[in-house]
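Spelled out, the chains give:
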Amino acid sequence: MSDLRDRIRDTIETEPVVAFIKGTHEQAYCGNSERAMQALRAVGAGFTTVDVLVDPEIRQELTALSSWPTIPQVFVKGELVGGADIVQELAASGELEATLQEKLGETWRRPGEERTVAVTDGPGLRVLPGA
Amino acid sequence: MSERLEVLLQAAFPDAREVAVVDRTGGGDHFHVTVVDGRFSGLSLVDQHRLVYDALADPLADGTIHELRITTRGEG
């Protein structure tokens, strides 16, 4: 069990809404990561992001924990809600709001409250995805 | 490459009402797959997509699939 995996697990369990994406809440480097954030914004949710491009091991350890092979991955109160397709579909159907409300109560309504947190020490070296 | 994914999906979902694979960019690595199968009924979307990921584990692991969009339905 690695320290990194523990830190990722802590982040999943302590952040009410956390999205593991390629990039940050200010700049996504992947259309799917952007779609997941847009879905959260569309319902007015605040959220935290973790940039998996900082270190390839973040994605490895995250997938070991979640058994979900792709990025992004959105968790609400410790539970995987889905990737971009699911989160977008749930937002469109109204189920995303219902899930947020059920798990977090009114506290999830924090439009614009977005931040990116690190799970590794130091700034890391972001490797931009290839074309 | 779409054919390989279609074969894998049809093997995993032999009773599916629909299995479709679209190469979104023509580059052979960005795909949108659709599976309509009664066995999805009652499953969460996460569990539905997990079944698709399981079916495509090899092309996901070997890098064939760079990006994957998934649409699943239990009915229709």
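So, how was this worked out
- Residues numbered from 1 in each chain as written.
- Chains lettered and ligands numbered in written order.
- Predicted model: local features only at pLDDT ≥ 70, side-chain atom pairs only at ≥ 80, totals over all residues.
- Helix = DSSP H or I, 4+ residues; strand = E, 2+ residues; numbered from the N terminus.
- Contact = placed C-beta atoms within 7 Å.
- Pairing = 2+ DSSP bridges.
- Axes fitted to C-alpha atoms, helices over the stretch in contact; angles between N-to-C directions.
- Parallel < 35°, antiparallel > 145°, perpendicular 65-115°, else oblique.
- Left-handed = near helix turned anticlockwise from the far one by under 90°.
- Nonpolar A, V, L, I, M, F, W, Y, C, P; charged D, E, K, R; others polar.

**Here's the deal with the overall build of chain A**
Now for step 1: Scanning chain A for helices and strands turns up 5 helices and 5 strands.
Now for step 2: Taken from the N to the C terminus, the helices and strands of chain A come in the order α-β-α-β-α-β-β-α-α-β.
Now for step 3: For chain A, the spread of C-alpha atoms along the principal axes amounts to about 35 × 35 × 25 Å.
Now for step 4: Of all intrachain contacts in chain A linking residues separated by at least 6 positions in sequence, the fraction that spans at least 24 positions is 70%.

**What about the sheet that holds strand β1 (residues 18–23) of chain B?**
By definition, the strands of a sheet pair up through backbone hydrogen bonds, in either a parallel or an antiparallel sense.
Residue and element names in this part refer to chain B.
Now for step 1: With mixed pairing, 3 strands are arranged side by side in an open sheet as β1-β2-β3. Either end of the sheet is taken by a strand with one partner, and the two such strands are β1 and β3 (67–73). In this sheet, adjacent strand axes meet at a mean angle of 10° when their direction is disregarded.
Now for step 2: Relative to strand β2 (residues 30–36), β1 is paired through 6 bridges, and the arrangement is antiparallel. Within β2, the residue paired with valine 21 across the bridge is valine 33.
Now for step 3: Sitting on the sheet, helix α2 (residues 45–55) is in contact with β2 and β3, with an inclination near 125° to β3.

**Some details on the packing of helix α2 (residues 31–42) of chain A against helix α4 (residues 84–93) of chain A**
Residues and elements named next belong to chain A.
Now for step 1: Packing of α2 against α4 brings their axes to within 8 Å, and their N-to-C directions diverge by 25°. One element, α2, and the other, α4, form an angle in the roughly parallel class. Considering only the axes of α2 and α4, their crossing is left-handed. Across from Asn32, Arg35, Ala36, Ala39 and Ala42 in α2, the residues of α4 making contact are Ala84, Val87, Gln88 and Ala91.
Now for step 2: Considering only residue class, the contact of α2 with α4 consists of 6 nonpolar, 2 polar and 1 charged.

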